[in-house]
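Coordinates in review
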Amino acid sequence: MNVVLFAVLTLRELVRRRLVAAVALLTLVIVAFTAWGLHRLATAVVDGAPIADAGVRGTAAGIVIMLAFLFSFVVALGAALVGAPAMAESIANGEILAVLARPVRRAEVVLGRWLGTVLALAFYIAVAGGLELLVVRVTTGYVPPQPLTALAYLAGVAAVVTTAAIALAARLPALAAGIVSALLFGLAWIGGIVEAIGLALGNARLADAGTIVALIFPTDALWRGALYALQPAVFGALAANANANGTVVNPFSVTSPPPPALIAWACGWVVAVLAAGVAAFRTRDL
Amino acid sequence: MPDDAIAAHALAKRYGRIGALQDLTLRVARGECLGFLGPNGAGKSTAVKMLVGLVRPTGGAAEVLGKPVGDRATRARIGYLPELFRYPDWLAAREVLAFHARLLRLRDAARAIDTVLDEVGLRERAGDRVGTYSKGMQQRLGLAVALLGAPEIVFLDEPTSALDPVGRSDVRALIERLRARGTTVFLNSHLLGEVERVCDRVCVVDRGRVVAQGTVEALTGATRGVRVRLDDGWREFDCAPAEIPDVIARLVREGARIHAVEPNQTTLEDRFLALVAHA
Ligand SMILES: Nc1ncnc2c1ncn2[C@@H]1O[C@H](COP(=O)(O)OP(=O)(O)O)[C@@H](O)[C@H]1O
Ligand SMILES: [Mg+2]
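Note that the structure is a prediction, hence the values are computed from the model and not measured. (Residues numbered from 1 in each chain as written. Chains lettered and ligands numbered in written order. Predicted model: local features only at pLDDT ≥ 70, side-chain atom pairs only at ≥ 80, totals over all residues. Heavy atoms only, no water.)

Counting its secondary structure elements, chain A contains eleven helices and two strands. Going from the N terminus to the C terminus, chain A shows its helices and strands as α-α-β-β-α-α-α-α-α-α-α-α-α. Taken over the C-alpha trace, chain A has a radius of gyration of 21 Å; the compact-globule value for 286 residues is 19 Å, and the two agree within 12%. With respect to the principal axes defined by its C-alpha atoms, chain A has extents near 75 × 45 × 25 Å. Per-residue burial over chain A gives 46% buried out of 286 residues. Across chain A, the fraction of contacts at a sequence separation of at least 24, relative to all contacts at a separation of at least 6, is 83%. Total accessible area on chain A stands at roughly 13,200 Å², and carbon and sulfur atoms take up 74% of it. Here chain A holds 16 positive side-chain charges and 11 negative ones, and the gap between their average locations is 10 Å. (Helix = DSSP H or I, 4+ residues; strand = E, 2+ residues; numbered from the N terminus. Rg over C-alpha atoms; globule rule 2.2 N^0.38 Å. Buried < 20%, exposed > 50% of the residue type's maximum accessible area, 1.4 Å probe, protein only. Contact = heavy atoms within 4.5 Å. Areas by Shrake-Rupley, 256 points an atom, 1.4 Å probe, with all protein chains shown as cover. Lys, Arg positive; Asp, Glu negative; His and termini not counted. Charge placed at Lys NZ, Arg CZ, Asp CG, Glu CD.)

Next up, the structure:
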């Protein structure tokens, strides 16, 4: 019950502080821009003839993956920048003092802030991601294989980064918690590339190092889930081929979805880190 | 005594090497107003934060309303005005209070909110965002939050620090109303005049230690002598309180022109300064 109160407070702050309005405006600009670009692509004339449908779709598929990649960074940064202050600000300005003197569990504050932030980001992912996919479909006729699964994986990325930001912010100032969780996301992404290189070169040590990073901060595994859900089957086949030859490393294609064990790990990770955040908050002096 | 509002036994808090509060043993009866006095850094805020469950004691124990400090259900029956705080500037005062009313599960929230807004004189501006408030108005909102739901104990940590003289006298009147209602008041302050006027009892802390405890009268000591202003200025006469009229009568008989008479009393301030005078 109190968890919902804190979640609503978090959401209300985002709306009141005009963050929602600003982000909505920017997103619309970006959507309009992609719509214009894709429309030009679909109606382009090369050597006196329009580009073949297959060509347009293939290009659109590549663009969707590029957009999703950039989007995953925006979402991760958003999670760090929204989650950390949601938790740390009220501690820094002393607002939390009178609140915690009420019959409130400290865990309810942490979980409520988490829930509010994750809901806000999930909503943003659904709306902005959905709009972009709609624009792609209307302009080029292309629909990626599993668009909803991809958006769900991106929401998972947001949840992981939010969890880190909030757990850190239970003890650290907003700026530190936000920057560290954003850096962890970047580190996980680099870890994913290292793993891909290791696999391509048949270097087990490199591949293991990447896997360890993926276990410590499971955003890259989730990003690959999104990637797998967005790429046409032919991309995956090409990637498998390249891996087999040990030639090209393409971080923008994967051969298989993340194994269920990794997804379970990511879920367990969120629960464990959130629990650690609650413990850190419960044992601190204010 | 089971009827104590607050009972602390050797309560202590260390932050690393700093003993913020050492060995606080204290009882506050229900309905009593205790002035918790001390210079800056004495450990006043630390004591209150331990009593409301925000800071974990590193030694000793304390009970509030008969339950160990931090007990969740008991926290519904106390109010707390922190020393340093800023409410979110994007909420209106009424919304801040509504949020706290929900945390308290108040049944008639709208009425309770109006009551405390009137109490602190913030009713007209209650719909405005806190971001547009002066420091003094924020302090009044903090007081309103502390009074919401008619708590049995109110902890006020330097309630007048941001207030102008009018605000200060308003707070004094407010504390007197609380006392009249039987609310226990724990008042942190370094403003002696304020404490002297409203508190039944005083506890003086300095550098984490209690240096004196007792009623205001006991601390300031009995009246001794009288100060009289004559044509040529103030003169002091040593006498027992009962002899003051005789002293005045004698002066008049001797032809002195008397402009003012004041009993010669150690003020709480004199006593306080003597207690916390650092060697
Ligand atoms: N969170 C903290 N960490 C370290 N030292 C602290 C902390 N809070 C208070 N102190 C120290 O404890 C002492 C008492 O502080 P405080 O209770 O705020 O005093 P007062 O309210 O009487 O001015 C001071 O020396 C202060 O520096
Ligand atoms: Mg203080």
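What follows deals with the domain arrangement of chain B. As a measure of interface size, the accessible area lost when the parts come together is often cited. Domain boundaries in chain B define domain 1 (4-220) and domain 2 (226-263). Taking the mean C-alpha position of each, domain 1 of chain B and domain 2 of chain B sit 43 Å from one another. (Domains from an automatic or database assignment.)

Within the secondary structure, aspartate 4 of chain B is located in strand β1 (residues 4-15). A polar contact of 3.0 Å, which involves the side chain of aspartate 4 of chain B, links it to the side chain of arginine 27 of chain B. (Polar contact = N/O pair within 3.5 Å; in protein donor to acceptor, adjacent residues only side chain to side chain.)

Before going further, it helps to examine the pattern of salt bridges. Residues and elements named next belong to chain B. Throughout the structure, instances matching the rule amount to 27 salt bridges over all chains. Between glutamate 32 and arginine 201 there is a salt bridge, with the nearest N and O atoms lying 2.5 Å from each other. Taken together, the residues glutamate 32 in the loop between β2 (18-29) and β3 (33-37) and arginine 201 in strand β9 (residues 201-206) connect sequence positions 169 residues apart. A single burial state applies to glutamate 32 and to arginine 201, both of which are buried. Between arginine 257 and aspartate 231 there is a salt bridge, with the nearest N and O atoms lying 3.0 Å from each other. A residue pair is termed long-range when its members are at least 10 positions apart, and arginine 257 in the loop between α8 (244-253) and β13 (260-263) and aspartate 231 in the loop between β11 (226-230) and β12 (233-237) qualify at 26 residues. Both residues of the pair, arginine 257 and aspartate 231, belong to the exposed class. (Salt bridge = Lys/Arg side-chain N within 4 Å of Asp/Glu carboxyl O.)

Moving on: the sheet that holds β3 of chain B. All names here are of chain B. Spatially, β6-β7-β8-β3-β9-β10 is the arrangement adopted by the six strands of the open sheet, whose pairing is mixed. Strand pairing shows two members of the sheet lacking a second neighbour, β6 (78-81) and β10 (209-215), which therefore form its edges. Between one strand axis and the next, the sheet turns by 15° as a mean value, whatever way the strands run. Sheet topology note: the strand β7 (residues 153-157)/strand β8 (residues 184-189) ladder contains five bridges and is parallel. Note that in β8 the partner of phenylalanine 155 across the bridge is phenylalanine 186. The strands touched by helix α5 (residues 165-181) within the sheet are β3, β7 and β8, with β8 carrying the most contacts at an inclination of about 150°. (Pairing = 2+ DSSP bridges. Axes fitted to C-alpha atoms, helices over the stretch in contact; angles between N-to-C directions.)

Our focus in this paragraph is the coordination of the magnesium ion (ligand 2). Ideal values differ by geometry: the angle at a metal is 109.5 degrees with four tetrahedral donors, but 90 or 180 degrees with six octahedral donors. Residue and element names in this part refer to chain B. The protein atoms donating to the magnesium ion (ligand 2) are Ser45 (OG) and Glu83 (OE), with metal-donor distances spanning 2.0 to 2.3 Å. Of the two residues, serine 45 is situated in helix α1 (residues 44-51) and glutamate 83 in the loop between β6 and α2 (93-104); the sequence distance between them amounts to 38 residues. On the basis of relative accessible area, glutamate 83 is assigned to the partly exposed category, the value being 27%. (Donors = N, O, S within 2.8 Å, 3.2 Å for Na, K, Ca; no water.)

A few words on the packing of helix α6 (residues 147-169) of chain A against helix α9 (residues 219-230) of chain A. Axes are the key here: two packed helices are described by the angle between their axes and the distance separating the axes. Residues and elements named next belong to chain A. At their nearest, the axes of α6 and α9 sit 8 Å apart, and the two run at 165° to each other. In terms of orientation, α6 and α9 fall into the roughly antiparallel class. Considering only the axes of α6 and α9, their crossing is left-handed. Counting all contacts with α6, which are made through Thr149, Ala150, Tyr153, Leu154, Gly156, Val157, Val160 and Val161, the residues of α9 involved are Thr219, Leu222, Trp223, Gly225, Ala226, Ala229 and Leu230. (Parallel < 35°, antiparallel > 145°, perpendicular 65-115°, else oblique. Left-handed = near helix turned anticlockwise from the far one by under 90°.)

Residue and element names in this part refer to chain B. The antiparallel open sheet is built from three strands, whose spatial order is β12-β11-β13. Single-partner strands in this sheet number two, and they are β12 and β13. The sheet shows a mean angle of 20° between the axes of neighbouring strands, direction not considered. The sheet contact formed by β11 and β13 spans four bridges and is antiparallel. Bridge assignment links arginine 229 to a residue of β13, and that residue is alanine 260. Running at roughly 20° to β11, α8 makes contact with β11, β12 and β13 of the sheet.

Attention now goes to the side chain of threonine 117 of chain A. Residue placement: threonine 117 of chain A occurs in helix α5 (residues 106-140). Not counting residues up to four positions away in its chain, the partners in contact with threonine 117 of chain A are Thr10, Val82, Gly83, Ala86, Thr162 and Ile166 of chain A.

Another aspect to go through is the site of ligand 1. All names here are of chain B. Near ligand 1 you find Tyr15, Ile18, Ala20, Pro39, Asn40, Gly41, Ala42, Gly43, Lys44, Ser45 and Thr46, and these make up its full shell. One nitrogen or oxygen atom from the side chain of threonine 46 is found 2.5 Å from an oxygen atom belonging to ligand 1. Computed on the free molecule, ligand 1 has an accessible area of 560 Å², of which 62% lies beneath the protein chains in the complex. Of all the elements in the fold, those that place two or more residues in the shell around ligand 1 are β2 and α1. Per-element accounting of the shell around ligand 1 gives the leading share, three residues, to α1. Here the residues of the shell around ligand 1 sort into five nonpolar, five polar and one charged. (Near = heavy atom within 4 Å. Nonpolar A, V, L, I, M, F, W, Y, C, P; charged D, E, K, R; others polar.)

To continue, consider unusual backbone geometry. Backbone geometry follows two general trends: most residues other than glycine have a negative phi, and most peptide bonds adopt the trans configuration. Residue and element names in this part refer to chain B. Unusually for a residue other than glycine, aspartate 23 sits at a positive phi of about 55°. Position of aspartate 23 relative to the elements: it lies in strand β2. Despite not being glycine, leucine 65 shows a phi value in the positive range, around 50°.

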